[in-house]
Amino acid sequence: MTANARLYPLFATIAIFIAAYAICWMQFPYMLSTRVVGNLLTDNAYLGIVAVGMTVVILSGGIDLSVGSVIAFSGVFISVVLRDTSLHPLVVFALLLAVTTAFGAFMGLIIHWLAMPAFIVTLAGMFLARGAAYMLTIDSVPIDHAFYEFIKDSYYLMPGKGRLTVIAVVMLLSVAFGALIAHRTRFGASVFALGGGVQTARLMGVNVGQTTILVYAFSGFMAGLSGIVFSIYTGSGYPLATVGTELTAIAAVVIGGTILTGGAGYVVGTLFGVLTMGLIQTYIVFDGTLSSWWTKIVIGLLLLLFIVLQKGLLKLTGTQRDAALA
Amino acid sequence: MRRFLARIAPQLVTLAAIVVLVTLFFPDFVQIGFERGRLVGPIIDVLKRGAPVALLAIGMTLVIATRGIDLSVGTVMAITGAVGAWAIASGYGVVPALALAMVAGLACGLWNGILVAIIGIQPIVATLILMTSGRGVAQLITEGRILTFNDPAFAFFGSGTLLGIPFPAVLWLLLAIAVTLLMRRTALGMLVEAIGINRAASALAGVNARVLLIAVYMASGLCAAFAGIVATADIRGADANNAGLWLELDAILAVVIGGNSLLGGRFSIAASVLGALIIQTIDTGILLAGFPSEYNLVIKAGLVLLILLLQSPNLAHTWRFLRDEAMRRREPEPKLHTRKEIEP
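Residues numbered from 1 in each chain as written. Chains lettered and ligands numbered in written order. Predicted model: local features only at pLDDT ≥ 70, side-chain atom pairs only at ≥ 80, totals over all residues.

## Description of the overall build of chain A
How we decide: Here a strand is any run of E in DSSP of at least two residues, a helix any run of H or I of at least four, and the numbering for each starts at the N terminus. Our radius of gyration looks at C-alpha atoms and nothing else; its globule reference is 2.2 Å times the residue count to the power 0.38. To sort residues by burial, count the other C-beta atoms lying within 10 Å of each one's C-beta; a count of 20 or more means buried, 12 or fewer means exposed, and anything in between means partly exposed. C-beta atoms are built from the backbone. Contact between two residues is assigned whenever their backbone-derived C-beta positions fall within 7 Å.
Helix and strand counts for chain A stand at 14 helices and four strands. Expected size for 326 residues packed as a compact globule is a radius of gyration near 20 Å; at 20 Å, chain A falls within 12% of this value. Across its three principal directions, the C-alpha atoms of chain A cover 70 × 55 × 30 Å. Of all 326 residues assigned to chain A, the portion counted as buried reaches 52%. Considering only contacts in chain A between residues 6 or more positions apart, those separated by 24 or more positions represent 80%.

Structure, rendered in structure tokens:
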């Protein structure tokens, strides 16, 4: 009974996405083409990847405000290293992922060791990563490399001339990877336990410190991967890029049906949260007369809708549990 | 009074240390001059430019004391600034413009308060909603443009001076004193702390937590309205995109540097305002000392980490443990002697 109730937010997310898509399709029949779908996946690839990391952090009851800065740092790091050295991009990617993962693990360590709120530690991390990006360069650095051209030119042509790009595939694989880790591994179980409550998790035998560090390391890794994808998407590195992406990612996670207090949610829901937000943007582009600020208002209203929905569900399942106890 | 000084001593020492540090790099930092009827100098500049964050920090302190957080204040600045500029540009005059901006701030606070206190949404999410959608609302008011105006009376709130002191500095000082008196001369402060420590227990003890929570979020909205008025009046225009952008994070940082726990409970508005001044002194100091501004964020991050380290409950525990151990070793225990006597 409760397992079913836990799926409701996920169903609601998917239903709202389908309904929104249907409304868009009725107004603009061309919306239902593989071109639009391909673009939707490509344009939101970096957001989807970083939101997967954010989902795991939020499932554990934490929050990671540093990811937007880490994406910007990644882009700058890649472009500056490619400009100044002759390393192959794949080597640079590996270096970068090692750096961002270590950075995430470091924040996790501080959160656990100093018993400080994740909010303020990752806020410091946000300043640090953004500052590190500024110190590398304050200009927008273009990336000219044959490998980047190769990645940009390789895509799968779907029927209907839609392009399934490499970065879209990377995003979909990240979601699958995140879902696997969160729902099918011992680490995932520990994350959910931690989100349910630190004390209970400890009593259940969860290694709280190790799990906390791994959660933020995972988020750092995903932010680094997202930075790589973003650098491919924009073909440059810019220290002022992706300001505020962390909050967009949190919004996507909440719209995706994950409860912000942690302990309940699905990684797949986050994908639909990201796509719903992307769909709003696409609709506004199609319409042409609406201003882009409507995106923000609609996303805010969606956030509110989902939170109220979750509140109602929690109350519903809560009363059921109470009834069962009585 | 002594208790009060002891509470804000760490912040005062930090501020003094940073001022000394900046003066080493930029000797003119502490110079204050008097030109054309107003005080001038880097320190006066810090007092003026720190005004938005200091104003926000006053409201944020109260919200954090109730174990909440208000992410929307930067956006509320944009909304209230847009409302004020719109009212001035439509020819309503200064007083109605100020009143409308303040009402807008209170309304934003009311919205947050209802979401938190009545619907029971976590503060961080409840205020995230207004944070993301509010800039859209502000842009609706300004119709996507930067709404400029030329009204000397309204501009006074940003660039005017009172007795030679920039008006924004006077404003945050007066507001901080007024709110502190309101909190400490009445039971309000204690009730706010009670909610932060344990909302259920405070409700059982007869505190009307629901009304008080809404009032606290409205106070935060009003502080954001003042900050929005100052920011808008300063540039004589409302920029819905950039007004107050990310200032909520600076305000939260100011409260944390002020030694207030994010887990609610005891609070000190004076310490939070000092925290805001510390942040502004760092920002201005780095620029004046001739460091490239790109170092600003890294230095800020390093400082925050240092302050977190000093405040960490775990570290304090370890420190106390080490001190006790050292004390024990200094005073020879009688048992040790007896063991030594037995051993040979």
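## Things to note about the overall build of chain B
Each helix and strand in chain B was counted, giving 16 helices and six strands. C-alpha extents for chain B along the principal axes are approximately 95 × 55 × 35 Å. Counting the 344 residues in chain B, one finds 47% classified as buried. Expressed as a percentage of contacts within chain B between residues at least 6 apart in sequence, the contacts between residues at least 24 apart total 77%.

## Looking at the interface of chain A and chain B
Which entries qualify depends on this criterion: In this count, Pro and Cys sit with the nonpolar residues alongside Ala, Val, Leu, Ile, Met, Phe, Trp and Tyr, while Asp, Glu, Lys and Arg are called charged and the others, Gly among them, polar.
Listed by partner, the interface residues are 37 residues for chain A and 34 residues for chain B. For the side of chain A that touches chain B, the secondary-structure elements that each account for two or more residues are helix H5 (89-114), helix H6 (118-136), helix H12 (245-255) and helix H14 (293-325) of chain A. A breakdown of the residues in the side of chain A that touches chain B according to their chemical character gives 30 nonpolar, four polar and three charged.

## What to know about H6 of chain A
Put simply, the rule is: Each residue after the first adds 1.5 Å to the expected span of a helix.
The terminal C-alpha atoms of H6 of chain A, which comprises 19 residues, lie 27 Å apart, in line with the 27 Å expected from a rise of 1.5 Å per residue. By the criterion of burial, H6 of chain A is predominantly enclosed, with 16 of the 19 residues buried.

## Points about the nonpolar core
What counts is decided by this rule: We define the nonpolar core as any set of buried residues of the types Ala, Val, Leu, Ile, Met, Phe, Trp, Tyr and Cys, connected via C-beta atoms lying within 7 Å of each other.
Ranked by size, the top nonpolar core spans 212 residues in total, and within it Val50 and Leu303 of chain A together with Leu55, Leu56, Ala57 and Val273 of chain B carry the most contacts. Among the elements that line this core, the one with the most residues is helix H11 (residues 209-235) of chain B, at 18 residues. With sequence-adjacent residues up to four places away left out, Ala57 of chain B is seen in contact with Ala251, Ala254, Val255, Ser272, Val273, Gly275 and Ala276 of chain B.

## Observations regarding the packing of H5 of chain A against H6 of chain A
All names here are of chain A. The following threshold applies: Here an angle of 0 to 180 degrees is reported between the N-to-C directions of two axes, which are lines fitted to C-alpha atoms, with helices fitted over the stretch in contact. With the far helix as reference, a near helix turned anticlockwise by less than a right angle produces a left-handed crossing, and one turned clockwise produces a right-handed crossing.
Look at H5 against H6: their axes get within 9 Å of each other, and the N-to-C directions meet at 145°. Seen along the crossing, H5 lies across H6 with a hand that is right-handed. Facing H5, whose interface residues are Phe103, Met107, Ile110 and Ile111, H6 presents Ala118, Val121, Thr122, Gly125 and Ala129. Classifying every residue of the contact of H5 with H6 gives seven nonpolar, two polar and no charged.

## Observations concerning the packing of helix H4 (residues 67-84) of chain A against H6 of chain A
Residue and element names in this part refer to chain A. Definition in use: In this scheme, roughly parallel covers angles under 35 degrees and roughly antiparallel covers those over 145, while 65 to 115 is roughly perpendicular and the rest are oblique.
Relative to each other, H4 and H6 sit at 25°, their axes nearing to 8 Å. The orientation of H4 relative to H6 falls into the category roughly parallel. In this structure, the crossing between H4 and H6 has a hand that is left-handed. Touching Ser69, Val70, Ala72, Phe73, Val76, Phe77 and Val80 of H4 are Met126, Ala129, Arg130, Ala132, Ala133 and Leu136, all from H6.

## Concerning the environment of Val83 of chain B
All names here are of chain B. Along the chain, Val83 turns up in helix H4 (residues 73-89). In this structure Val83 comes out as buried when scored by C-beta crowding, with 28 C-beta atoms within 10 Å. Along the sequence, Val83 and Val103 sit 20 residues apart, while their C-alpha atoms lie 9.6 Å from each other. Sequence-distant contacts of Val83, that is, excluding residues within four places in its chain, are made with Leu100, Ala101, Ala104 and Ile141.

## As for the confidence of the model for chain A
Low pLDDT means the predicted atomic positions in that stretch should not be read closely. Note the following rule: Confidence scores here are pLDDT values: one per residue, from the predictor, ranging 0 to 100.
Here chain A averages 86 in pLDDT, while 95% of its residues score no lower than 70. pLDDT under 50 marks residues 321-326 of chain A. Its contacts with residues more than four places away, or in other chains, come to zero contacts.

## Some remarks on unusual backbone geometry
All names here are of chain B. Of note in this structure, Arg67 is not a glycine but carries a positive phi near 70°. One non-glycine residue, Leu163, adopts positive backbone phi at about 55°. For Leu163, the location among the structural elements is in the loop between strand S4 (161-162) and strand S5 (165-166).

## Thoughts on the environment of Arg36 of chain B
Residue and element names in this part refer to chain B. Positionally, Arg36 belongs in the loop between strand S1 (33-35) and strand S2 (38-40). Classification of Arg36 by C-beta neighbours within 10 Å gives exposed; the count is 7. In the structure, Arg36 is positioned 106 residues away from Thr142 in sequence and 35 Å away in space, judged by C-alpha atoms.

## Focus: the confidence of the model for chain B
All names here are of chain B. In this model, chain B carries a mean pLDDT of 85, and residues with pLDDT of at least 70 account for 94%. In this model residues 336-344 is a low-confidence stretch, pLDDT under 50, and it forms zero contacts with partners more than four residues away in sequence or in other chains. Model confidence for the complex is summarised by a pTM of 0.83, with the ipTM given as 0.77.

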